[in-house]
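Structural features, examined
Listed below, chain by chain, are the residues.
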Amino acid sequence: MRSTGSHPVPEQARPDDGSNGHTPADLVGARIRQYRKERGLTLRGLASRSGLSIGFLSQVERGISSIGLTALGSVAKALDRTVGDFFDASTAPVGGTVTTLPHHFSLTRAETTATQYVSGQQTYRMLSERGPGLLLEPMLVHIAPGGRRENAYGHAGEEFAYVISGELLYEVNGVEHRLHPGDSVHLRSTVPHTMYNDTDAVTTVVSVVTPRLF
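An account of the accompanying structure is given in this report. (Residues numbered from 1 in each chain as written. Predicted model: local features only at pLDDT ≥ 70, side-chain atom pairs only at ≥ 80, totals over all residues. Heavy atoms only, no water.)

It is worth spelling out the sheet that holds strand β8 (residues 175-179) at this point. Taken in spatial order, the 3 strands make up an open sheet running β8-β7-β10, and their pairing is antiparallel. In this open sheet, the two strands that pair with only one neighbour each are β8 and β10 (193-196). The sheet shows a mean angle of 20° between the axes of neighbouring strands, direction not considered. As judged from the 5 bridges shared by strand β7 (residues 168-172) and β8, these two strands associate in the antiparallel manner. In the strand pairing of β8, tyrosine 170 is matched with histidine 177. (Pairing = 2+ DSSP bridges. Helix = DSSP H or I, 4+ residues; strand = E, 2+ residues; numbered from the N terminus. Axes fitted to C-alpha atoms, helices over the stretch in contact; angles between N-to-C directions.)

This is the structure:
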């Protein structure tokens, strides 16, 4: 664990070997470029399919910008991949429990080892087991300060965010809203939106999105 301000967040997992010093963001970007080229797509083609800008995708591929899981979900769909395909085993998941689950039900105990994914400034802790017939993706998200602000974009589904600690700048359809602990936002994800932590402390958010990312 590392601490920024008074709020601890999980340390970004680093590869033990074969990484050449790359960060998780570098590795995700490299995987996007690899899969894009395998499908014979240009950046313009991937941008058209994913709804993300050419400039942003270029920055992600070069490791200059990080990409959130929902945006990565749009890229994965455009490339006929799963979100998990873009992570090395050494960067994600961390922990996790494999169980056989019914289609209609999921029960996750407090002592269950959570699966975590790291993408740039954001660490996502998955809050439920994989119920294959369930549509919601509940996550606990730690957003570290700094990093590049993502361009606003839209994607299929709905999105809900509830701030537990810290502050979050949430842009919806071109309008910025500053969220404090206890504030929440709920929107159709087709509306262009983005979030950013412009403070000097970690922000912790409960986020629920549809469709499921994994």
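Picking up where we left off.
A ring pair, where both rings are aromatic, is described by two values, the distance of the centres and the angle of the planes. Tallying each qualifying case throughout the model produces 1 aromatic pair. Ring centres of tyrosine 35 and phenylalanine 86 lie 5.3 Å apart, and the angle between their planes is 80°; on these two criteria the pair is classed as edge-to-face. Separated by 51 residues along the polypeptide, tyrosine 35 in helix α1 (residues 24-38) and phenylalanine 86 in the loop between α4 (69-78) and β3 (116-119) bring together distant segments of the chain. Between arginine 81 and the ring centre of tyrosine 35, over which it is positioned, the NZ or CZ distance is 3.8 Å. (Phe/Tyr/Trp six-rings, centres within 6.5 Å; stacked < 30°, edge-to-face > 60°. Lys NZ or Arg CZ within 6 Å of the ring centre and 35° of its normal.)

Ranked by internal contacts, the top residues of the largest apolar core, which has 39 residues, are Ile67, Leu69, Leu72, Val75 and Phe86. Element by element, the count of residues in this core is highest for α4, at 6 residues. Contact partners of phenylalanine 86, with chain neighbours within four places excluded, come to Leu27, Val28, Arg31, Ile32, Tyr35, Leu72, Val75, Ala76, Leu79 and Arg81. (Core = buried A, V, L, I, M, F, W, Y, C linked by side-chain atoms within 4.5 Å. Buried < 20%, exposed > 50% of the residue type's maximum accessible area, 1.4 Å probe, protein only. Contact = heavy atoms within 4.5 Å.)

The subject of this paragraph is the packing of helix α2 (residues 43-50) against helix α3 (residues 54-61). Between α2 and α3, the shortest axis-to-axis distance is 9 Å and the interhelical angle comes to 115°. Regarding the angle of α2 to α3, the classification is roughly perpendicular. Handedness of the α2/α3 crossing: right-handed. Contacts between α2 and α3 involve Leu43, Arg44, Leu46, Ala47 and Ser50 on the former and, on the latter, Ile54, Leu57, Ser58 and Glu61. Tallied by class, the residues present in the contact of α2 with α3 amount to 5 nonpolar, 2 polar and 2 charged. (Parallel < 35°, antiparallel > 145°, perpendicular 65-115°, else oblique. Left-handed = near helix turned anticlockwise from the far one by under 90°. Nonpolar A, V, L, I, M, F, W, Y, C, P; charged D, E, K, R; others polar.)

Remember that the coordinates give geometry; whether it matters functionally is a separate question.
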